[in-house]
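# Understanding the architecture of this molecule
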Amino acid sequence: MEDIYAKFVSQKISKTRWRPVPPGSLQTADTFAAGSWDNEENYVSLWSIGDFGNLDSDGGFEGDHQLLCDIRHHGDVMDLQFFDQERIVAASSTGCVTVFLHHPNNQTLSVSQQWTAAHYHTGPGSPSCGSAPCTGIVCSNPEIVTVGEDGRINLFRVDHKEAVRTIDNADSSTLHAVTFLRTPEILTVNSIGQLKIWDFRKQGNEPSQILSLTGDRVPLHCVDRHPNQQHVVATGGQDGMLSIWDVRQGTMPVSLLKAHEAEMWEVHFHPSNPDHLFTCSEDGSLWHWDASTDVPEKSSLFNQGGRNSTFLSHSISSQTNVHQSLISSWLSTDPAKDRIEITSLLPSRTLSVNSLDILGPCLVCGTDSEAIYVTRQLFS
Amino acid sequence: MEELDGEPTVTLIPGVNSKKQMCFDWGPGEMLVCETSFNKKEKSETEPGCPFIYIIRKDIDVYSQILRKLFNESHGIFVGLQRIEEELTGKSRKAQLVRVSKNYRSVIRACMEEMHQVAIAAKDPASGRQFSSQVSILSAMELIWNLCEILFIEVAPAGPLLLHLLDWVRLHVCEVDSLLADVLGSENPSKHESFWKLVSISCRPGLPAFYLMVFKALWLPYKGWSKGGSRDQSGGYGTKPGKDGGDLDKDGIALSNWWFVAHLTDLLDHCKLLQSHNLYFGSNMREFLLLEYASGLFAHHSLWQLGVDYFDYCPELGRVSLELHIERIPLSTEQKALKVLRICEQRQMTEQVRSICKILAMKAVRNNRLGSALSWSIRAKDAAFATLVSDRFLKDYCERGSFSDLDLIDNLGPAMMLSDRLTFLGESLGSQPQTFGIVRSRSLAATLRVDHPVYPLIALSNWWFVAHLTDLLDHCKLLQSHNLYFGSNMREFLLLEYASGLFAHHSLWQLGVDYFDYCPELGRVSLELHIERIPLSTEQKALKVLRICEQRQMTEQVRSICKILAMKAVRNNRLGSALSWSIRAKDAAFATLVSDRFLKDYCERGSFSDLDLIDNLGPAMMLSDRLTFLGKYREFHRFYGEKRLTDAASLLLSLMTSQIAPRSFWVILLIDALPLLEEKEVVFSAEQTYELMRCLEDFASRRPLWREPGVQRLQEDVENTKLEMLRLALARNLGRAIIKEGSLEGS
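Everything quoted here is computed from the prediction, not taken from an experiment.

The subject of this paragraph is the overall build of chain A. Scanning chain A for helices and strands turns up 2 helices and 30 strands. Taken across its 380 residues, chain A has 57% of its residues classed as buried. Long-range pairs, those at least 24 residues apart, make up 51% of the contacts in chain A between residues at least 6 apart in sequence. Accessible area for chain A stands at about 15400 Å²; split by element, carbon and sulfur atoms hold 50% of it.

Glancing now at the overall build of chain B. Assigned secondary structure in chain B consists of 33 helices and 3 strands. Burial statistics for chain B: of 747 residues in total, 49% are counted as buried. Considering only intrachain contacts with a sequence separation of at least 6, the fraction spanning at least 24 residues in chain B is 62%. If you sum the accessible surface of chain B, you get close to 37600 Å²; carbon and sulfur atoms cover 56% of it.

So, on to the packing of helix H3 (residues 125-154) of chain B against helix H20 (residues 464-475) of chain B. Two packed helices can be described by the angle between their axes and the distance between those axes. All names here are of chain B. For the pair H3 and H20, the least separation of the axes is 12 Å and the interaxial angle reads 10°. Here H3 is positioned roughly parallel relative to H20, judged by the angle of their axes. When H3 is examined against H20, the residues Met 141, Ile 144, Trp 145, Cys 148, Phe 152 and Ile 153 are found in contact with a partner set consisting of Trp 464, Phe 465, His 468, Leu 469, Leu 472 and Leu 473. Partitioning the contact of H3 with H20 into residue classes produces 11 nonpolar, 1 polar and no charged.

Our next topic: the interface of chain B and chain A. When the parts of a complex come together, some accessible area is lost, and that lost area is often used as the size of the interface. On the side of chain A, 49 residues touch chain B, which itself brings 39 residues to the contact. In total, chain B and chain A occlude about 3700 Å² of area from one another, counting both sides; carbon and sulfur atoms represent 45% of this. Our enumeration of links across chain B and chain A arrives at 5 salt bridges. With a shortest N-O distance of 2.4 Å, Glu 370 of chain A and Arg 68 of chain B are connected by a salt bridge. At the junction of chain B and chain A, the tally comes to 31 residue pairs in polar contact (both at pLDDT 80 or more). Listed by contribution, the elements that provide at least two residues to the side of chain B that touches chain A are helix H1 (65-84), helix H22 (509-517), helix H24 (539-551), helix H26 (575-584) and helix H28 (611-614) of chain B.

By way of backbone hydrogen bonds, the strands of a sheet pair with one another, either parallel or antiparallel. Residue and element names in this part refer to chain A. Spatial ordering of the open sheet is given by E6-E7-E8-E9, a layout of 4 strands whose pairing is antiparallel. The strands lining the two open edges of the sheet, one partner per strand, are strand E6 (77-82) and strand E9 (108-115). Each adjacent strand pair in this sheet contributes to an overall mean axis angle of 25°, direction not counted. Pairing of E6 with strand E7 (residues 87-92) involves 5 bridges; the strand directions are antiparallel. Residue Asp 79 lies in a different strand from E7, and its bridge partner there is Ala 91.

All names here are of chain B. The end-to-end C-alpha distance of H24, which contains 13 residues, comes to 18 Å, matching closely the 18 Å that a straight helix rising 1.5 Å per residue would cover. For H24, the buried fraction is high: 10 of the 13 residues fall into the buried class. In the segment just after H24, Gln 553 is the residue with positive phi, at about 55°.

Residue and element names in this part refer to chain B. Orientation of helix H21 (residues 490-504) relative to helix H23 (residues 523-531), taken along the N-to-C sense of each, is 10°, at an axis distance of 11 Å. By the angle between their directions, the pair H21 and H23 is classed as roughly parallel. From H21, Glu 492, Leu 496, Ser 500 and Phe 503 reach across to H23, where they touch Gly 523, Ser 526, Leu 527, His 530 and Ile 531. Tallied by class, residues from the contact of H21 with H23 come to 4 nonpolar, 4 polar and 1 charged.

On to H26 of chain B, then. Residues and elements named next belong to chain B. Burial of H26 is extensive: 9 of the 10 residues sit out of reach of the surface. Every buried residue belonging to H26 is among Leu 575, Gly 576, Ser 577, Ala 578, Leu 579, Ser 580, Trp 581, Ser 582 and Ile 583, and all of these are buried. Looking at the buried side of H26, the elements it contacts are H24, helix H25 (555-571), helix H27 (588-605), H28 and helix H29 (625-641).

All names here are of chain A. Counting buried residues along strand E24 (residues 264-269), 6 of its 6 residues qualify, which places the element largely inside the surrounding structure. Bridge count between E24 and strand E25 (residues 276-281): 5 bridges; the pairing is antiparallel. Across the sheet, residue His 268 finds its bridge partner in E25, namely Phe 278.

On to unusual backbone geometry. For the bond running from Asn 141 of chain A to Pro 142 of chain A, omega is 5°, close enough to zero to count as cis. Secondary-structure assignment places Pro 142 of chain A in the loop between strand E12 (134-140) and strand E13 (143-148). Phi is positive for Gln 348 of chain B, which is not a glycine, with a value near 55°. On the secondary structure map, Gln 348 of chain B appears in the loop between helix H13 (334-346) and helix H14 (350-366). The class for Gln 348 of chain B is exposed, based on a relative accessible area of 61%. Within the chain, Lys 586 of chain B stands out as a residue other than glycine whose phi angle is a positive 55°. Tracing the chain through its elements places Lys 586 of chain B in the loop between H26 and H27. Given the relative accessible area of 63%, Lys 586 of chain B is considered exposed.

Calculation criteria
- Residues numbered from 1 in each chain as written.
- Chains lettered and ligands numbered in written order.
- Predicted model: local features only at pLDDT ≥ 70, side-chain atom pairs only at ≥ 80, totals over all residues.
- Heavy atoms only, no water.
- Helix = DSSP H or I, 4+ residues; strand = E, 2+ residues; numbered from the N terminus.
- Buried < 20%, exposed > 50% of the residue type's maximum accessible area, 1.4 Å probe, protein only.
- Contact = heavy atoms within 4.5 Å.
- Areas by Shrake-Rupley, 256 points an atom, 1.4 Å probe, with all protein chains shown as cover.
- Axes fitted to C-alpha atoms, helices over the stretch in contact; angles between N-to-C directions.
- Parallel < 35°, antiparallel > 145°, perpendicular 65-115°, else oblique.
- Nonpolar A, V, L, I, M, F, W, Y, C, P; charged D, E, K, R; others polar.
- Buried area = accessible area lost by both parts, 1.4 Å probe.
- Salt bridge = Lys/Arg side-chain N within 4 Å of Asp/Glu carboxyl O.
- Polar contact = N/O pair within 3.5 Å; in protein donor to acceptor, adjacent residues only side chain to side chain.
- Pairing = 2+ DSSP bridges.
- Expected span 1.5 Å × (residues − 1).

Treat this as a map of the structure, not an account of what it does.
This is the structure we're talking about:
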């Protein structure tokens, strides 16, 4: 991965997110949002990676990502999601959930909607009572679901002032992340190693299903759902393990893969090429997991054939990829783990990599060493 | 204190009313100041007090947005440098070090450029000036770093060295660009007439030591015209350790000593035969050669006295050179020291007199000759050292109950006024260890500044520059480790200072961790002290801090952090969270406390909260008895719910018989047994029923009897009814069980 740009931005970055491209357009990613944490003043900012067509003669891209605009954010940015092209939802450590609106004409950000005290503690009158950090958000127009350290789940609608639905005491421990499974169903992970599936159609405060790791109650920090197969879910835990789950069957993970040395902060399937998975961790590493099966096998087979085979093997293996992804390479219980090829994307270990996002061939990640890394040629 | 080069500058703190009496307290990198209620003068009027506490920060640089990039980026380079160690040797190692040094410089340059742009763009002139001054500090840093890189790290042979130096000149002194073009364009750059002018300009911001080094390095090619032979001693100038002087020459410019040319030139000069080559840096050829010769003499073990006179006759640089050399003469005996002192005093070299006295005083302290140390430090007029020695006296006094060297102390006379402590000692009162600490650290800083011409920039910026440069030089094995007497070396001292500065910052603390890691002696202790003081605003931040502690096996800190989080969770009524934190902290007492809260909630509400956690305790259940009980009791409920009555019954019984259940809970357990006793099937065997009965009677007999009659009569009655019901049920069950068991045996 030669073309990885680093830019030091003078704030610790907790979240980075690509702005989604309009569906059906051929545009590639060009803008991302970043949120900072643990500064005296925290910001949500928008960055542009510049004109993609601006390829100079050496084949390189001129310059790195540039700041478009930023806005102050009260408290640490705990999570950040694009609601649509213009709106960004941010979760705060003060328990507040804010929707920011981007005005592309004069490049400014403004607050368009805010739910203060979406997450709060109800302790016995001690001073620390009140706000509880909101730890995760997931958006599916027009709904926004938030989870927090208070074990509460909120369902907001962007045009409603009040929460549409609140599940108090949804969890006895901290909820760390949330994702949509199917539209009325969400999946949360918590700090005692459980996945819980909640169905908003059901009344009451009980999850419809609980899945958990065995015994050790290792906290889970992140979750992502396979973009095509809604029953396949990946989670990352405190011990840096990557777990793949099939929520249709069993309460145990399908596979457990030893990955990072410290907390895995985020895991993401590639949205359009889900045989690729990306993880980042507290130990300062960013990994690319390639499970597009048996590329090495195929090529070795064809290498015996002769010189021209490389080209051929490429075209064929890409076809098999399409075929393979239908039966999900992640779920096969084949213990031959070496099918998965892992590459480390960052040149040298730094401080914690807190967040990553992928869109098309572009990847962005933010670190505690106050740098944002961007690469535009993931699969080169 | 008195060692500081000049008067310390007075910094006014805006907003502080100087008429009021203030109090302050030092912290790492910052100071707290607030008003007291005392008034200076006894005025009856009570002015409205200022309600603020001021936090005064020492190095504002840490708070600069642009410099944060410098800190972050250099952190990566620093960690990389610590890791290249060992496996690399020789050439490749040197190449690595040069690369690292260049990386550092490019970071400085990037910052400088950005700062420059900000300075130009600044609308407000005051902030513009501030940025510009930052730019000039950064450029000075880069300048010195570059020179150090050329001379100490890259250590090129003479020819390329000259080119490097010329490059350095070109890069840093823009005003001489045209001059330079001329010089470089000529056939033999070093013989061009403007050559020395260039050098002299380049040396302007530098220090005498640098000045000499550059000069010497540039001069190397000229040495060619002196006679062949081997030069046995290299006259190390200034800060350069002798070893490297050798390195500079090792490309084989073989030299005899400078005797021949020096004397010849001198003679010719006296004959007015030599048009004196006015070197632009202010010395002429004769002087240069004499200097070289004299420094050669100084390198010799016993010829150094001869050199003194040669230096005396070099009008321009003679004195500086003498000052540099004379300090480095080993003071083996006191007699030799007195001779050196005499030389210095004749020439009013006060600085050297002081430093020699100090060395002697230090030696005396090491040899435990406090009286002699004191008199040397009085001769050096060195207040800090006198304080130190006085403290030793006081310490000895505390230990032994009597003063040594009374004759000296009694006859201190006016010298007593040299330092407060000495006055104190003279008046033989008690001692104050805290102030002593301050004095010591100040004198340390002063020592660093006096001994090392590289470090005057200490005063300029925060510790970034000195810490990183010293670290790099240390990796080049260039620093003779200055063993400071509190047990750490200079590199470590500077790194510690820098890292604790970072820890004082709201968000740069993460960087500081790695710097502490690479301080072998005091790093860990400092880290332990600092890490506990980081505010844990969110769980995520807490997790990061925890990870740092766990990676370093700092169990004490891990426990305390988990405990803080558990306590917070309890306050917020998040018992599940509290329990999982106390399990992580392996804190049995706290787990017991939380379990009790759970049981209390159960008693009040009749159902458990946080089932997801309690059902999945696993082996963590063994942490405390109460937690085991909680888990097992919940298991009993599950068995009962699943209609596994026999399992439920035996579990219930074992809870009581194994004594894990708290006494107060027995009555609840016994009542839980009621429905089991009343089942159609016989659940408890006869044996088990006996056990239950024993438990019941045990409980009934130990019931507290201190209750006042009448007050809780009603409750008493209820309890008695319960007991009666239980006895009845037990008796019935026993009957059924005996019949059943009997019939089974019979059949």
